[in-house]
Amino acid sequence: RRGALRASRALATRVLEHPNIAVEWNVTVDRFEGNADGLRRAICRRATKDGGSGQGAAADAELSVRASAAFVSIGHEPNTGLFRGQLALAAGGYLDMSEAGRSTRTSVAGVFAAGDLADHQYRQ
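A brief report on the enclosed structure follows. (Residues numbered from 1 in each chain as written. Predicted model: local features only at pLDDT ≥ 70, side-chain atom pairs only at ≥ 80, totals over all residues. Heavy atoms only, no water.)

**Quick look at the sheet that holds strand S3 (residues 62-66)**
This is how the line gets drawn: A strand pair is defined by DSSP finding two or more bridges across the two strands. A run of DSSP states H or I qualifies as a helix once it reaches four residues; a run of E qualifies as a strand once it reaches two. Both are numbered from the N-terminal end. The axes used here are C-alpha line fits, helices contributing only the stretch in contact, and every angle between their N-to-C directions lies in the interval 0 to 180 degrees.
Strand order in the open sheet formed by three strands is S1-S2-S3, with antiparallel pairing between adjacent strands. In this open sheet, the two edge strands, each paired with only one partner strand, are strand S1 (27-35) and S3. Taken pair by pair, the neighbouring strands of this sheet meet at an average axis angle of 25°, ignoring direction.

**Let's talk about the pattern of salt bridges**
Short version of the rule: Think of a salt bridge as a Lys or Arg side-chain nitrogen and an Asp or Glu carboxyl oxygen that are within 4 Å of each other. Only protein chains enter the area calculation, which uses a 1.4 Å probe; residues under 20% of their type maximum are buried, those over 50% are exposed, and those in between are partly exposed.
Summed over the entire model, instances satisfying the criterion amount to five salt bridges. A salt bridge links Glu24 to Arg46; the nearest nitrogen and oxygen atoms lie 3.4 Å apart. Of this pair, Glu24 sits in the loop between helix H1 (9-17) and S1 while Arg46 sits in strand S2 (residues 38-46); the two residues are 22 residues apart in sequence, bridging distant segments of the chain. Taking relative accessible area as the criterion, Glu24 reaches 34% and is therefore assigned partly exposed. For Arg45, the salt bridge is made with Asp30, and the minimal N-O distance between the two is 2.9 Å. Of the two residues, Arg45 is situated in strand S2 and Asp30 in strand S1; the sequence distance between them amounts to 15 residues.

**Considering the side chain of Glu33**
Our working rule: Here a polar contact is recorded for every N or O atom pair within 3.5 Å, except that within protein the pair must consist of a potential hydrogen donor and a potential acceptor, and residues adjacent in sequence are included only if both atoms are side-chain atoms. A contact between two residues is defined here by any heavy atoms of the two lying within 4.5 Å.
The residue Glu33 is located in strand S1 in this model. At a separation of 2.6 Å, a polar atom in the side chain of Glu33 contacts the side chain of Arg41. Beyond its immediate chain neighbours, meaning those up to four positions away, Glu33 contacts Leu39, Arg40, Arg41 and Ile43.

**Points about the pairing of S1**
Looking at chain direction, S1 and S2 are connected through eight bridges and run antiparallel. In the sheet register, Thr28 faces S2, and the bridge partner there is Arg45. Where S1 folds back on S2, the antiparallel hairpin that results is connected by two residues.

**Examining the side chain of Thr106**
With respect to the helices and strands, the residue Thr106 is situated in the segment after S3. Under the relative-accessibility criterion, Thr106 is labelled buried at 13%. Reaching out from Thr106, the side chain makes a polar contact with the backbone oxygen of Val111 at a distance of 2.8 Å. Excluding residues within four positions of it along the chain, Thr106 makes contact with Leu87, Leu95, Asp96, Val111, Phe112 and Ala113.

Keep in mind these numbers describe shape, not what the thing actually does.
Quick look at the structure:
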């Protein structure tokens, strides 16, 4: 959804120069289409010049992208809203696991964190 990668320069270069990867800039995926044999294509919308969703009258056309695989990133904002007031949150809205050492324990015994709720390091 932007015209640049946030990854390290070395990783971005590897992706951009890989012959089997086609980066589609400034698009939002509406849906994936395929069958029991696998993914066939992604149906996307191009973002507008002002950074909007691309769903306005001027940008209403769909873009069909052939694909046999897709990497879907969940974003940069951890979905921790439902835990506010129940579990301790760290900077950036992630679950606070600072007392857990290398564990995934949270501030409540028996509650563990995983995925975008816990990991701020490996984001794209």
